[in-house]
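Chain and residue survey
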Amino acid sequence: MSDLETASRSLIEAHQLARLQAGLARLLPSNRFYHQKLNVRAGLAPASDLARLPFTTKQELVADQQAHPLFGSNLTYPLSDYIRLHQTSGTTGQPLKILDTQESWDWWAACWTTVYRAAGVTRDDILFLAFGFGPFIGFWSAYEGAKRIGALTVPGGGMDSLQRLRAIQEVGATVLVCTPSYALRLAEVAQEHGMDMRESHVRVTIHAGEPGASIPATRERIERAWGAKTYDHAGMTEMGAYGFMCSQQQGIHVNEGEFIAEILDPRSGQPVEEGQAGELVLTNLGRWGAPAIRYRTGDLVRHGGYNCACGRTFLALPGGVLGRVDDMLIVRGVNVYPSALADVLHRFPEVAEYKVIVTQAGPMDEIALQVECPAQVVPRLQEELHIAFNLRIPIEVVELGTLPRFELKARRVDDRRQR
């Protein structure tokens, strides 16, 4: 790990301030979006007082691109300086287009090397990237980061699940990179075809795109299926690869060498105390061609302090990304997050897949589950759910293979509420 990862808080914060001040000096003269936002709305607030700077939201950036098609006004350099176009997945609204210069693309790759090194990946590994290569940035940045590590990379685009499994075995892949849901799907397909991936050479799996690898039961299920150590990672198209899991596997660290992190109460906007949960607000420090300053990620995280048994002093987020701030369901007065449901359901190896159905009874949310599992498992499953949430949750058993499987972000919540 780098010296900064174990540095004092004062040294880390001085590093961040210097990076922020240098970046603002670069972008303010020519970036129309932030020139107006920071100079006018913030009244030329000093960079050292981050809390005085206004938030940036995805809705603002989308509206800016609608007002200034095609790429918006959050561009610091002439269009000819940009070499890559990616866009968000569109799962929470209209996709957002993001451009990168060569400098910022190199920065993306450097952020991914932190993810790999924390997971013990070296140039001696063979990485299998189990996804199709489209406009979503995570696939490409994972590939670029692996190149910087010097590891042999095997892209898995244009293959179905069985072909990918056979390729993993054939090339002797030692690292699997995909979403947690797809790692479980690959294991399911392997079992259907009499393949035991615990006998493969895969020793590390790295996951992102959705909460999962930091959910204990989900991580344990992946590790059992693959006979490998499983690591979480967090990133956003509009922000960068900001989070990585260390050897303790208790959640993720924010890469504070490249990002400034705040955890704020979603309603008051005030910082939460250690141990409390809030919305993660991030500022990137190396993507000045299309920056994101005090960006409201919408992700719910818990403040885990700055001391970890791994020796790092970077901010810890126990449990990783707990869910989206607006994903919380209030069922008969109980707060329920989909990730918490996953932690219970994935404790049962008999559960192949599930769906959460959300309805509304007056002002209150109601949930029910469809689960692919043997009927005799239901009483134990309902008991564990009752212990976890103090709720009686209806469960409908459905036939194996009925529910959808996912290669990218899993969409297991069927929201049938009237909006």
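Presented here is an overview of the structure given in this document. (Residues numbered from 1 in each chain as written. Predicted model: local features only at pLDDT ≥ 70, side-chain atom pairs only at ≥ 80, totals over all residues. Heavy atoms only, no water.)

Digging into the nonpolar core
- Counting residues in hydrophobic clusters, the biggest one holds 66 residues, and the most contacted among them are Trp 112, Tyr 116, Val 177, Ile 206 and Tyr 242.
- By residue number, the principal contributor to this core is helix α4 (residues 102–118), which donates eight residues.
- Not counting residues within four places of it along the chain, the set of residues in contact with Ile 206 comprises Trp 112, Val 115, Tyr 116, Ala 119, Val 121, Val 175, Leu 176, Val 177, Cys 178, Tyr 231 and His 233.
- Residues Ala 342, Leu 381, Phe 389 and Ile 393 belong to the second largest nonpolar core, which totals 25 residues. (Core = buried A, V, L, I, M, F, W, Y, C linked by side-chain atoms within 4.5 Å. Buried < 20%, exposed > 50% of the residue type's maximum accessible area, 1.4 Å probe, protein only. Helix = DSSP H or I, 4+ residues; strand = E, 2+ residues; numbered from the N terminus. Contact = heavy atoms within 4.5 Å.)

Overview of the side chain of Thr 56
- Its place among the elements puts Thr 56 in the loop between α2 (32–41) and α3 (58–67).
- In terms of polar contacts, Thr 56 uses its side chain to reach the side chain of Tyr 34, at 2.8 Å.
- Not counting residues up to four positions away in its chain, the partners in contact with Thr 56 are Phe 33, Tyr 34, Lys 37, Leu 61, Ile 293, Arg 294, Tyr 295 and Arg 296. (Polar contact = N/O pair within 3.5 Å; in protein donor to acceptor, adjacent residues only side chain to side chain.)

Let's talk about the packing of helix α7 (residues 180–192) against helix α8 (residues 216–226)
- Packing of α7 against α8 leaves a shortest axis separation of 10 Å and a crossing angle of 35 degrees. For the element pair α7 and α8, the recorded crossing hand is left-handed. Where α7 approaches α8, its residues Pro 180, Ala 183, Leu 184, Leu 186 and Ala 187 are matched on the opposing element by Thr 218, Arg 221, Ile 222, Ala 225 and Trp 226.
- Taken together, the residues of the contact of α7 with α8 sort by class into eight nonpolar, one polar and one charged. (Axes fitted to C-alpha atoms, helices over the stretch in contact; angles between N-to-C directions. Left-handed = near helix turned anticlockwise from the far one by under 90°. Nonpolar A, V, L, I, M, F, W, Y, C, P; charged D, E, K, R; others polar.)

Describing unusual backbone geometry
- Of note, the bond from Pro 69 into Leu 70 is cis; its omega dihedral lies within 30 degrees of zero at 10 degrees.
- Although it is not a glycine, Gln 249 sits at a positive phi angle of roughly 55 degrees.
- As for its position among the elements, Gln 249 is in the loop between β8 (240–244) and β9 (251–254).
- On the accessibility criterion, Gln 249 (12% relative accessible area) is buried.
- The residue Asn 390 is not glycine, and still its phi comes out positive at about 55 degrees.
- If you trace the backbone, Asn 390 turns up in the loop between α10 (378–389) and β19 (395–397).
- Accessibility expressed as a relative area gives 57% for Asn 390, which makes it exposed.

Some thoughts on the environment of Phe 131
- Tracing the backbone through its elements, the reader meets Phe 131 in the loop between β3 (126–129) and α5 (137–149).
- In sequence terms Phe 131 and Arg 164 are 33 residues apart; their C-alpha atoms lie 9.2 Å from each other.
- The residues touching Phe 131, leaving out its near neighbours within four places in the chain, are Phe 139, Gly 156, Gly 157, Arg 164, Val 177, Cys 178 and Glu 407.

Regarding the side chain of Thr 113
- Topologically, Thr 113 is positioned in helix α4.
- For Thr 113, the side chain forms a polar contact with the main-chain oxygen of Ala 110, separated by 2.5 Å.

A closer look at the pairing of β8
- With five of five residues buried, β8 lies mostly within the body of the structure.
- Summarising the sheet, strand β7 (residues 229–236) and β8 pair through three bridges and their orientation is antiparallel. If you follow Ala 234 over to β8, its bridge partner there is Gly 243.
- In this sheet, β9 lies alongside β8 in antiparallel orientation, the contact comprising two bridges. Residue pairing for β9: Phe 244 is matched across the bridge by His 253. (Pairing = 2+ DSSP bridges.)

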